[in-house]
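# Results of the structural survey
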Amino acid sequence: MSKPVSRSPDPGLIRLAIPNKGRIAAPVNELIEKSGLHLADGGGERRLIARTRDPHVEILFARPIDIPEYVASGVADLGITGKDMVLERGSVVEELLDLQIGGATLVVAVPEESAVETIADLDGARVATEFPAITRAFFAEHGVSVTVVTVGGACEATPHLGIADAIVDLTSSGTTLRTNHLRVVQEILTSTTILVANPTSLKARREKIDEVVLALDSVLKAKGQCYLMMNVHRSALADVRDVLPGLSGPTVMDVASDENLVAVHAVVNEERVYQLINQLKRAGAKDILVMPIERIIR
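For every chain, the first residue of the written sequence is number 1, and numbering continues from 1 along that sequence. Reporting of local features is limited, given that this is a predicted model, to residues whose pLDDT is at least 70; pairs of side-chain atoms are given and counted only at 80 or more, and all residues count toward the totals for whole chains, interfaces and linings. In computing side-chain properties, one takes all heavy atoms of the structure into account and sets aside hydrogens as well as water.

## Describing the sheet that holds strand β12 (residues 225-233)
Within a beta sheet, neighbouring strands are joined by backbone hydrogen bonds and run either parallel or antiparallel to one another. If you trace the 4 strands from one edge of the open sheet to the other, you get β13-β14-β12-β15, paired in antiparallel fashion. Unpaired on one side and paired on the other, β13 (251-254) and β15 (285-292) mark the two borders of the sheet. Ignoring which end each strand starts from, the neighbouring axes of this sheet average 20 degrees apart. Two strands pair when backbone bridges link them, and β12 and strand β14 (residues 261-269) are joined in this way by 9 bridges, in the antiparallel orientation. Its bridge partner being in β14, M229 is matched across the sheet by H265. Any two residues whose heavy atoms approach within 4.5 Å at even a single point are treated as in contact. Here the axes come from fitting lines to C-alpha atoms, over the contacting stretch only for helices, and the angles between their N-to-C directions go from 0 to 180 degrees. A helix here means a DSSP run of H or I that spans at least four residues, while a strand means a run of E at least two residues long, and both kinds are numbered starting from the N terminus. Contacting β12, β14 and β15, helix α9 (residues 273-283) runs over the sheet at an angle of about 160 degrees to β15. At least two bridges found by DSSP between two strands are what make those strands a pair.

## Things to note about the pattern of salt bridges
Any carboxyl oxygen of Asp or Glu within 4 Å of a side-chain nitrogen of Lys or Arg constitutes a salt bridge here. Scanning the entire structure with this criterion turns up 12 salt bridges. Among the salt bridges present, the one from E30 reaches K34, with a minimum N-O distance of 3.2 Å. Pair noted here: E30 and K34 are both in helix α1 (residues 25-34), with a separation of 4 residues, about one helical turn. Note that K221 is salt-bridged to D217, the shortest N-O span being 2.4 Å. Taken together, the residues K221 and D217, both in helix α7 (residues 206-222) and 4 residues apart, mark about one turn of the helix. Judged by its relative accessible area of 27%, K221 is partly exposed. In this structure, a network of salt bridges that share partners links the residues D54, K208 and E211. Exposed residues in this analysis have more than 50% of their type's maximum accessible area, buried residues have under 20%, and partly exposed residues fall in between, with area computed by a 1.4 Å probe over protein chains only.

## Digging into the packing of α1 against α7
At a closest axis distance of 9 Å, the pairing of α1 and α7 adopts a crossing angle of 105 degrees. Judged on the interaxial angle alone, α7 and α1 are roughly perpendicular. Here L31, I32 and K34 of α1 lie close against α7, whose contacting residues are L216, V219 and L220. Of the residues in the contact of α1 with α7, the class split is 5 nonpolar, no polar and 1 charged. In this scheme, roughly parallel covers angles under 35 degrees and roughly antiparallel covers those over 145, while 65 to 115 is roughly perpendicular and the rest are oblique. All residues other than Ala, Val, Leu, Ile, Met, Phe, Trp, Tyr, Cys, Pro, Asp, Glu, Lys and Arg, Gly among them, are scored as polar; the first ten of these are nonpolar and the last four charged.

## A few points about the nonpolar core
Among the nonpolar cores identified, the biggest contains 27 residues, and I80 and L195 are the most heavily contacted of them. Where this core is concerned, the elements lending two or more residues are β1 (14-19), α1, β3 (57-62), β4 (78-82), β11 (193-197) and α7. For this core, the element with the highest residue contribution is α7, accounting for 6 residues. With residues near it in sequence (within four places) discarded, L195 still touches L16, L78, G79, I80, E94, E95, L96, L97, L99, V213 and L216. The term nonpolar core refers to a set of buried residues drawn from Ala, Val, Leu, Ile, Met, Phe, Trp, Tyr and Cys, joined through side-chain atoms within 4.5 Å.

Right under this line is the structure:
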């Protein structure tokens, strides 16, 4: 693990550990900003620990692989990292939220020209990976004896360098595997980015932690949604309501107008907006506005 980080002496402070680099760092940072937990320094040069606009929440930047243990040990109350990292560390933490980003699958892969067809064919082979604990447990569970070669990166190159006969690595689109002439033999697990909590902190600071969870979850619920506002003649209201899906039906309000209009508001999936606009116009809606949604709190 990296150099230890001491726990803040303030018992009322929540510390959230997030990735300082890697494939999920950028989307996690975006999620944090959209949730309202803006960095107090306005997003300037990052330090190891940064305060947020909420005086009771601070951010700890750490390697994704270290975050599960930071949370388990109480150095951080909350952490955002991959489920694969939590499983690799074997850390005792509570999963609070699936953040629905950074989805990937941990797979066993071999060179395209390899004679290996199933994992049983790898008995006695060398397997390179950044996930030695998961790899050993997986092959042991299937009764296959392998030598695990732990690498720190560029795992996909190891079979071509003669270091290993197979690899266990994460893949999302499969492009990297194909580029390196590797093929999947078997999937091990699917991983997404999750929010985890220290069990003790969850009991002692539940109210504040729930506040952070709600802020993050509200951003996730708003993803892919947009807000429609329009004016509708009251005689056309039934036709417009039939067109609108909405989360729990459209909101209808009277409009101060001599035209007997009502204002109709609805939350809809942004993928449907293109078709909905024409359908709404034909149903009698006018003055249609489409607006993005940052957060939805139910």
